[in-house]
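Structural description and commentary
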Amino acid sequence: MRAALAQRDPTIETQTVDSYQYAASIFAKVVADGYIGMVKTVPQVYGYFYDRVERATHVPTMRRLVSRYTAGNLRKFVESYAPDLVVCTHAFPCGVMSEYKRQFNPTLPVVGIVTDFVVHPFWIYTNVDAYAVATPQMRATLLARGVRDDRIVLSGIPVDPRFGVPRLPVDALREQLGLPRDRPVVLMMGGGVGIGPLEEMMRALSSIEAPIAAAVIVGRNRALERRVTAAAERTAYPLRVHGFVENVFDYMHASDVLVSKPGGLTSSEALSARIPMVLVKPLPGQEERNTRFLLSREAALPVRGAEEIASAVTRVLTSESLRAQLGRQIEALRKPDAARCIAERIATLLDRRDAIEAVAATGG
């Protein structure tokens, strides 16, 4: 979004803020450590709470109190920085800024950008000035919860525009990335914090009879990276292991199929890059909803366990008709210009704010 805004108007200045730094320290720790720990060890518990809150018709008291507390802590920073508009790419800051507007500054424009294919109630507040969403179903959910139609932008999920257009031809990309050019390449990803079952994916691919190569992007999980690197020495196919990389788009454009969990951003990046997806072990909650959406549109293949990964990957690599079908559905869903679309709405809100301030300054 920062890049899209800079391209739209080079005079726009942006600053990224971690809203959890302004929350109560115990709450921030619970979110940072507890969420990751819960989805790793007892994902069903997380799924239970997600479903329960999703069906609720009001914001839970604890959530409201945390947002109110954090809004108070943010007040000094926001007033000193004096932003013309605030963009929230997570449900927590969206709730905090809704509370901030209620308490301190009702005229400050706030935009929420939902980065999954479902909108959870934790996102939804009627005093947020615009929501960017990926699907008509999400738009309908917002309308049903009282958000005005003119505040909803059906944009898609914003990703780096480099996912939309390959930087180089496939052979040149593979040469740069150290990937072979004489066989299909499977890309495996576990998300930014490396939660996915990467070792299971690697073992599963060993049963594919045809020659393949693979690349694994582990993310910021150093312990997992060490385990995956050690396991890579025992695979029967060429395999390159990487931690966190800045050029995921190059790996997607250089590969033939992606095996990954269905995070909203990863899925949107894959759609933009036109790479077929095999979806593995979605987390309860938003990833399960993302999976349902992609499967309902026939834009990805599901696997119910590690034993199905090899057959799903083999189908993608060997069936021209399947690749063509997936390609058509991917083409219908991909939104590589989502960030630009949202930047246009942000620019409109900024222009409107400037006009209101100009009228106020003249006493109108």
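Refer to the structure presented above.
Per chain, residues are indexed from 1 in the order of the written sequence. Local features in this predicted model are restricted to residues whose pLDDT is 70 or higher, and side-chain atom pairs enter the listing and the counts only when it is 80 or higher, whereas totals over whole chains, interfaces and linings include all residues. For the side-chain quantities, the full set of heavy atoms in the structure was used; hydrogens and water were omitted.

**Some details on the overall build of the protein**
Which entries qualify depends on this criterion: Numbering of helices and strands runs from the N terminus, with a helix taken as a DSSP run of H or I at least four residues long and a strand as a DSSP run of E at least two residues long. Contacts are assigned to residue pairs with any non-hydrogen atoms lying within 4.5 Å of each other. Method for areas: the Shrake-Rupley scheme with a 1.4 Å probe, in which residue coverage is limited to the protein chains shown.
In terms of regular secondary structure, the protein is built from 15 helices and 10 strands. The contacts in the protein between residues at least 6 apart in sequence include a share of 66% that link residues at least 24 apart. Accessible surface, the protein as shown: approximately 18100 Å² in total, 53% of it carbon and sulfur.

**A few points about helix α7 (residues 170–177)**
The line we're drawing: Buried residues are those whose accessible area, probed at 1.4 Å on protein chains only, stays under 20% of the maximum for their type, while exposed residues exceed 50% and partly exposed ones sit between those limits. By construction, the arc corresponds to the directions joining the helix axis to the C-beta atoms.
Turning to α7, its buried residues are Leu-173, Arg-174 and Leu-177. Down the axis, α7 shows its buried residues gathered within 100 degrees of arc, on one side only. Structural note: α7 exposes Glu-175 and Gln-176 on the side pointing more than 90 degrees away from its buried face. Looking at the buried residues of α7, the elements they touch are β5 (185–189), β7 (239–242) and α10 (248–254). After α7 finishes, the residue Gly-178 shows a positive phi value of roughly 75 degrees.

**Thoughts on the sheet that holds strand β2 (residues 110–113)**
Worth spelling out the cut-off: For two strands to be treated as a pair, DSSP must find no fewer than two bridges joining them. Orientation is described by lines fitted to C-alpha atoms, with helices fitted over the stretch in contact, and by angles between N-to-C directions that extend from 0 to 180 degrees.
Reading across the sheet, the four strands line up as β1-β2-β3-β4 and stay open at both edges, with parallel pairing between neighbours. Every interior strand has two partners, whereas the edge strands, β1 (86–88) and β4 (152–154), have only one. Across the sheet, the mean angle separating the axes of adjacent strands is 20 degrees when strand polarity is ignored. As paired elements, β1 and β2 share three bridges and run parallel to each other. Looking across to β2, one finds that Val-87 is bridged to Val-111. Taken strand by strand, helix α5 (residues 91–103) contacts β1, β2 and β3 (130–133), and its axis lies near 145 degrees from that of β1.

**Points about the sheet that holds strand β8 (residues 257–260)**
Working definition: the strands of a sheet are paired by backbone hydrogen bonds and lie parallel or antiparallel to each other. Ordered in space as β7-β6-β5-β8-β9-β10, the six strands form an open sheet in which the pairing is parallel. Strands at the two margins of the open sheet, each flanked by one partner only, are β7 and β10 (301–303). The average angle at which neighbouring strand axes cross in this sheet is 20 degrees, direction not considered. Both strand β9 (residues 277–280) and β10 contribute to a ladder of three bridges, which runs parallel. Bridging from a neighbouring strand, Val-278 pairs with Leu-301 of β10. Across the sheet, helix α8 (residues 198–205) lies against β5, β6 (213–217), β7, β8 and β9, angled at about 160 degrees from β5, the strand it touches most.

**As for the side chain of Arg-174**
Stated precisely, the cut-off is as follows: Polar contacts here mean pairs of N or O atoms no more than 3.5 Å apart (in protein, one a potential hydrogen donor and the other a potential acceptor; neighbouring residues in sequence count only if both atoms are side-chain atoms).
Considering the arrangement of structural elements, one finds Arg-174 in helix α7. A distance of 2.9 Å separates a polar side-chain atom of Arg-174 from the backbone oxygen of Arg-183. Beyond its immediate sequence surroundings of up to four residues, Arg-174 is in contact with Leu-179, Pro-180, Arg-181, Arg-183, Pro-184, Val-185, Ala-254 and Asp-256.

**Remarks on the packing of helix α13 (residues 309–318) against helix α14 (residues 320–333)**
To be explicit about the condition: What sets the label is the angle itself: under 35 degrees gives roughly parallel, over 145 gives roughly antiparallel, 65 to 115 gives roughly perpendicular, and the rest give oblique. Classes in brief: Ala, Val, Leu, Ile, Met, Phe, Trp, Tyr, Cys and Pro nonpolar; Asp, Glu, Lys and Arg charged; the others, Gly included, polar.
Following both chains from N to C, one finds α13 and α14 inclined at 90 degrees, their axes separated by 5 Å at the closest point. The angle between α13 and α14 places the two elements in the roughly perpendicular class. Together, Arg-315, Val-316, Leu-317 and Thr-318 of α13 and Glu-320, Leu-322, Arg-323 and Leu-326 of α14 make up the contact between the two elements. Tallied by class, the residues present in the contact of α13 with α14 amount to four nonpolar, one polar and three charged.

**Re the pairing of β2**
The following threshold applies: Seen with the strands pointing away from the viewer, any crossover whose path from the first strand over the helix to the second strand runs clockwise is right-handed.
The side-chain alternation of β2 yields two buried faces, one formed by Val-110 and Gly-112 and the other by Val-111 and Ile-113. Remark: the β1/α5/β2 crossover connection has right-handed handedness. Where β2 meets β3, three bridges bridge the pair, whose relative direction is parallel. Bridge pairing in β3 links Ile-113 to Ala-132.

**Here's the deal with the packing of aromatic side chains**
Going by this rule: Centres within 6.5 Å are what make two rings of Phe, Tyr or Trp a pair, Trp counting through its six-membered ring; a difference in plane orientation under 30 degrees is then read as stacked, over 60 as edge-to-face, and the rest as tilted.
Going through the model one piece at a time under the given rule, you end up with five aromatic pairs. Taking the centre distance of 4.7 Å and the plane angle of 15 degrees together, the rings of Phe-117 and Phe-293 count as stacked. Of this pair, Phe-117 sits in the loop between β2 and β3 while Phe-293 sits in helix α12 (residues 286–296); the two residues are 176 residues apart in sequence, bridging distant segments of the chain. With a centroid separation of 5.6 Å and an interplanar angle of 90 degrees, the aromatic rings of Phe-163 and Phe-249 are classed as edge-to-face.

**Focus: the pattern of salt bridges**
Inclusion rule: In what follows, salt bridge is the name for a side-chain nitrogen of Lys or Arg lying within 4 Å of a carboxyl oxygen of Asp or Glu.
By the definition in use, this model includes 20 salt bridges. Between Arg-68 and Glu-99 there is a salt bridge, with its nearest N and O atoms 3.5 Å apart. Residue Arg-68 is located in helix α4 (residues 61–81), and its partner Glu-99 is located in helix α5; the two are separated by 31 residues in the primary sequence. Relative accessible area serves as the criterion here: at 8%, Glu-99 is assigned to the buried category. Notably, a salt bridge pairs Arg-289 with Glu-288, separated by 3.9 Å at the nearest N-O pair.

Structural measurements only, silent on function.
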